Amino acid sequence: MINENTNAMGILFPNSYDKVVPELVSERLMASIPFASRYRLVDFILSSMVNSGIDNISVLVRENYLSLLDHLGSGREWDLTRKNGGLNIVPPFAERNTKIYNGRVDAVASILNFLRRQKEKYVIMADTNIALNFDFNKLLETHIASGADVTVMYAEQEIPENLRVKEVWERGLYYTFELDGTRIKHIHINSQKEGIQNYSMNVYCMGREALIEEIHNAFVHGLTYFERDVLSPQLDKLNVQAYRYDGYFARITGMKSYFDENMKLLQDENLDGLFAGNPIYTKIRDDNPTRYIEGAAAKNVMIADGCIIEGEVENSILFRGVKVAKGAKVKNSILMQDTVVEEGAVCNYLITDKAVTISKDKEMKGTESFPIFVPKQHTV
Amino acid sequence: MAKEMIAMLLAGGQGSRLYALTQRLAKPAVPFGGKYRIIDFPLSNCINSGIDTVGVLTQYQPLVLNEYIGNGQPWDLDRLHGGVHVLPPYQQASGSDWYKGTANAMYQNISFIERYNPQYVIILSGDQICKQDYSDFLRFHKEKNAEFSVAVMEVPWDEASRFGLMVADEDDKITEFQEKPKNPKSNLASMGIYIFNWDILKKYLEEDEADPNSENDFGNNIIPNLLRDERRMYAYHFSGYWKDVGTISSLWEANMEVLDPAHSGINLFDDDWKIYSRNSGLPGHKIGETGVVENSMITDGCRVNGHVKHSILFAGVTVEEGADVEDAVVMGGTVIKSGAVIKHCIIAENVVIGEGAHVGAMPTDSEKGVATVGSGVYIGDNAKIGPNAMVRMNVKDGEEQ
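The rules behind the values
- Residues numbered from 1 in each chain as written.
- Chains lettered and ligands numbered in written order.
- Predicted model: local features only at pLDDT ≥ 70, side-chain atom pairs only at ≥ 80, totals over all residues.
- Heavy atoms only, no water.
- Core = buried A, V, L, I, M, F, W, Y, C linked by side-chain atoms within 4.5 Å.
- Buried < 20%, exposed > 50% of the residue type's maximum accessible area, 1.4 Å probe, protein only.
- Contact = heavy atoms within 4.5 Å.
- Phe/Tyr/Trp six-rings, centres within 6.5 Å; stacked < 30°, edge-to-face > 60°.
- Helix = DSSP H or I, 4+ residues; strand = E, 2+ residues; numbered from the N terminus.
- Polar contact = N/O pair within 3.5 Å; in protein donor to acceptor, adjacent residues only side chain to side chain.
- Buried area = accessible area lost by both parts, 1.4 Å probe.
- Salt bridge = Lys/Arg side-chain N within 4 Å of Asp/Glu carboxyl O.
- Arc of directions from axis to C-beta.
- Domains from an automatic or database assignment.

A look at the nonpolar core
Reasoning step 1: Counting residues in hydrophobic clusters, the biggest one holds 71 residues, and the most contacted among them are V54, I122 and I346 of chain B.
Reasoning step 2: What I346 of chain B contacts, discounting residues up to four positions off in sequence, is L21, I248, L251, W252, V329, M331, V370, A371, T372 and V373 of chain B.

Things to note about the packing of aromatic side chains
Reasoning step 1: Under the counting rule described, the total for this entry stands at 23 aromatic pairs over all chains.
Reasoning step 2: Centroid distance F196 of chain B to F218 of chain B: 5.8 Å. Interplanar angle 50°. Geometry classified as tilted. Of this pair, F196 of chain B sits in strand β13 (residues 188-197) while F218 of chain B sits in helix α7 (residues 218-228), and the two are 22 residues apart along the sequence.
Reasoning step 3: Taking the relative accessible area as the measure of exposure, F196 of chain B reaches 0% and is therefore buried.
Reasoning step 4: Classification of F218 of chain B by relative accessible area gives buried; the value is 2%.
Reasoning step 5: Through pairs of rings, three or more aromatic residues link up here, namely F134, F136, Y243, Y245 and F249 of chain A.

What to know about the side chain of S48 of chain A
Residues and elements named next belong to chain A.
Reasoning step 1: In this fold, S48 is placed in helix α1 (residues 42-51).
Reasoning step 2: In this structure the side chain of S48 is engaged in a polar contact, spanning 3.1 Å, whose partner is the backbone nitrogen of F134.
Reasoning step 3: Sequence-distant contacts of S48, that is, excluding residues within four places in its chain, are made with L132, N133, F134 and F136.

What to know about unusual backbone geometry
The phi torsion of most residues other than glycine is negative, and most of the peptide bonds are trans.
All names here are of chain A.
Reasoning step 1: For D286, which is not glycine, the phi dihedral falls at a positive 55°.
Reasoning step 2: Within the fold, D286 resides in the loop between α9 (268-275) and β14 (290-292).
Reasoning step 3: Taking relative accessible area as the criterion, D286 reaches 16% and is therefore assigned buried.
Reasoning step 4: Even without being a glycine, Y349 presents a positive backbone phi close to 45°.
Reasoning step 5: Counting through the fold element by element, Y349 comes out in the loop between β22 (346-348) and β23 (350-352).

Remarks on helix α8 (residues 255-264) of chain A
All names here are of chain A.
Reasoning step 1: Counting buried positions along α8 gives seven out of 10 residues, so the element sits mostly inside the fold.
Reasoning step 2: All of the buried residues along α8 are M255, S257, Y258, F259, E261, N262 and M263.
Reasoning step 3: At its buried positions, α8 is contacted by β2 (34-35), β13 (249-251), β17 (312-318), β20 (334-335), β23 and β26 (372-374).

Comments concerning the interface of chain A and chain B
Reasoning step 1: The partner chain B presents 35 residues to the 36 residues of chain A that form the contact.
Reasoning step 2: When the area that chain A buries against chain B is broken down by residue, the three leading residues are D286, R291 and Y292 of chain A, summing to 23%.
Reasoning step 3: Taken together, the connections running from chain A to chain B amount to seven salt bridges.
Reasoning step 4: K299 of chain A is paired through a salt bridge with E289 of chain B; the nearest N and O atoms lie 4.0 Å apart.
Reasoning step 5: Taken together, the links from chain A to chain B amount to 24 residue pairs in polar contact (both at pLDDT 80 or more).

Comments concerning α9 of chain A
Reasoning step 1: Among the residues of α9 of chain A, N270, L271, L274 and F275 of chain A are the ones counted as buried. Angularly, the buried residues of α9 of chain A cover 115° about the axis, an arc narrow enough to put them on a single face.

Points about the domain arrangement of chain A
Residue and element names in this part refer to chain A.
Reasoning step 1: In terms of domain boundaries, chain A breaks down into domain 1 (8-275) and domain 2 (291-374).
Reasoning step 2: For domain 1, the biggest contributors to the area lost against domain 2 are S37, F259 and L266; these three give 37% of the whole.
Reasoning step 3: Summed over the shared surface of domain 1 and domain 2, the number is one salt bridge.
Reasoning step 4: In this structure, the salt-bridge partner of D353 is R28, at a minimum N-O distance of 2.7 Å.
Reasoning step 5: On the surface where domain 1 and domain 2 come into contact, there are two residue pairs in polar contact (both at pLDDT 80 or more).
Reasoning step 6: For the side of domain 1 that touches domain 2, the secondary structure elements donating two or more residues are β2, β3 (39-40) and α8.
Reasoning step 7: Ranked by residue count, the leading element in the side of domain 1 that touches domain 2 is α8, at six residues.

Laid out in C-alpha cells, this is it:
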C-alpha cells in the first residue's frame, strides 16, 4: 500500500470517570463535555488517533450517550466515514448481553467477535477524560521496540486532592505505577500518596490477539476491571511497560479541574501545547464570526464563533453562540454554548452549561476554589 | 428522476478588477465577511431555497475553487442524485473550447442539465453578496406563466446608467432591455440572476451557438433575442441586500457593511438563513492581556494582542502587541507584527506585515483609496504602502510604495 495506515485500531471508553463531574454529565457523558471554547473532550483523543493514521475506532458507550451520538454522527468531521473501519459506535445493547457494563472487561467482551474480524495487529485503548494532541505512533513504536505485552501511558503528576478522599471507589478507580526501569512492578489503586506519582493516563497499547485472549479469560472468570483484575495480578508474567508522556495535556478529575484546565488555555504556551500540532476536529455548527459591538471590552479571553459581545469579558472562556449584553460583566467564567448574559448582569467564577440565561442585573459570584455551576437550560 | 429546477452558477470570471486578490484564485473564491468566500452566498441560497443540484461553471484559476467546493458537504450538497458539480470546459469529440461567453459556457453543458431533465433552470452569478430565496423567485415565474424572468433591483436614477436595465410595464412584463444606456428609461437594474424554462433556454442556446456573429453572452445576445421574439419575459423585484463585489472598493465596502447589519449590511446572524462555509477547524480566538477590540468581527484561530477597530479578521490572523488595525479587512493566516499600522485596506491571506510597517491610510477628502496587499506577500519592517497601492510582490524593509 502506498499510504500505509498505522497498524492499530482504537477503542474509546467515553463513560470513564463520569462520576467525578456529576454536574456536567447529568445529560451527557465524559466524552461530550464541552471543552476549550468549541470542542468536546472526545475530539482530542479522536483527532489525535485520526492524525496518527488510526482510522478504525470503536467507541464503547455505556449510558447517557445521546449527546455523543449527536456529536459524532457518522464520524465525517474526523474523516472516519470509511467503508473499511471508520467510526464504530457500540451501544450496550448491540450484542447479546443487554446489561450495562462495568469496567473495561465487560465492555471489550461485548465486541470480542468484532475484534476477531479486524485486521490491525495492535489496539490502542483510551478514556476520554484527557485532552491532548499526540502522535500515537510514538507509543506504538515504543511498544513494538520494547517487545512488551502491554504498554501504558502515564504522566508524572500529583494526584488531585479531591480524589484522595474516602468513598472514591464510587467515582472510578485511578492507578499509579511502581517502576523498575520502564517495566511496571506494581500497580497502586487509588493511592493516597502525596507528591509526584507515576499517574496512569489509562492509554493502553497491546496486540489485538493478546487483548482478545486476556479479555476472554477475564470475562469467563467474571472479572471486571482490566487494571485491577487483569494486569495487576499478572505483572510477573506479562511484560507491562510504562510510557512516560511529557507533552501538554488536560485531565478532568472534578469540577475544579474542569475549571482550571479551561482557564489554563488562556496562556499561549498551554494553548499552543494543545493546538499547535495537528488540527483538532469537531462538529461544525456554521456560526458566523463573533461580533464585538461598540462598547464591548475583552481582555484575556478565548471566544468561539457565533458570539455577540456588547458588555465586558475578562479571563473567560466563551463557547459558541454566547451573548453578553450591554453593561454585563463576565469575569473568570466559563460560558457554554448559547448562554445569554443579559443587561447589567455580573458573572464571576461562574460555569454555565448550555443555553443558560443570566437575567438582567443578576449577580452571580463564585470563588476561585468553588465556581458556581448553572445546569443546562436554566434561567437565573 | 427529474428535478423541478436546477441552478447553474457562473463562476468563470477572472475578476480582473480585484487584481492583487485574484492572482491565484477565481473571483467567487475570494474570501468575504470573516469566514466565508463569495461563492458561499449563492450555494447557501440554493440549499436554503430547496435547490439541491448546482452546476458551477469554472474556467479561470479553478484550483482553489475546486478544492473549496470539494464534494459540497459543507453546503449539504453532497447528494446521490444531484448535489454540486464543478464544470470546467472539456475536450469533446469535435474539438475543445474554452468557454467563449456566459451563453457558450451554458451551451457546452447542455448534457449536464439534461441529465436532470429540469422544468426550470436558474442562472446565478458568482460575484454577488446577497441572501435571496430563489423559491420565491420561482413562485413569481410560475405565477406569471413566464418563459424567462430576471431578478431586478431598483437603483437610484442618477446611477441607473451604470447598469443593464429592464424596462417593464405595470404587470412587470419586460418590454425593453437597455445595457448601460446614456438615457435610462427605467431604474430596474438586472442582478444577473435569471430563471428560464429549460426548453426555451435550450432552444436559444442552440440558436445562439449557430450564430457566428454572436458574442455568446446572456446580456448581449440571449436576452435581446428573447425580446425580439416577444417571449413572455418578466422582472422579479428584489429588495434585500445585494452587492456586486467586483471591485476593491465595493469588496471593502461590503465587508465593512457586515459590521452594521442594522443599517446597510447583510445580516449574517440569521438562524433561518444560514450561510454555510468550509470550516477552518481552528480553536476559538484569543484576545490577550493587551488586546483591544472595538466594533469588529473576529473568528476562530485569531490572536489579538494589539488594537483592532472597526475591522474584520478572518481565521488564524495574528495581531501582535502594539499593532494598530482600523477599517481593515484582514484575510486568513495573516500576521501583523508589533508596531505595524494597518488602515482602510484589504490584506489577503497569509501575508506578513513587518514590524512598524504602515499599510494604507484613513481616507481624506482628496484620497479615498483602499490599499490592497495580495496573498502570501511579505511587507518588510518599517515599509510604507500608500492608500492606492496594489501590492502583489514582496516589499523590502523600509521601502515605500
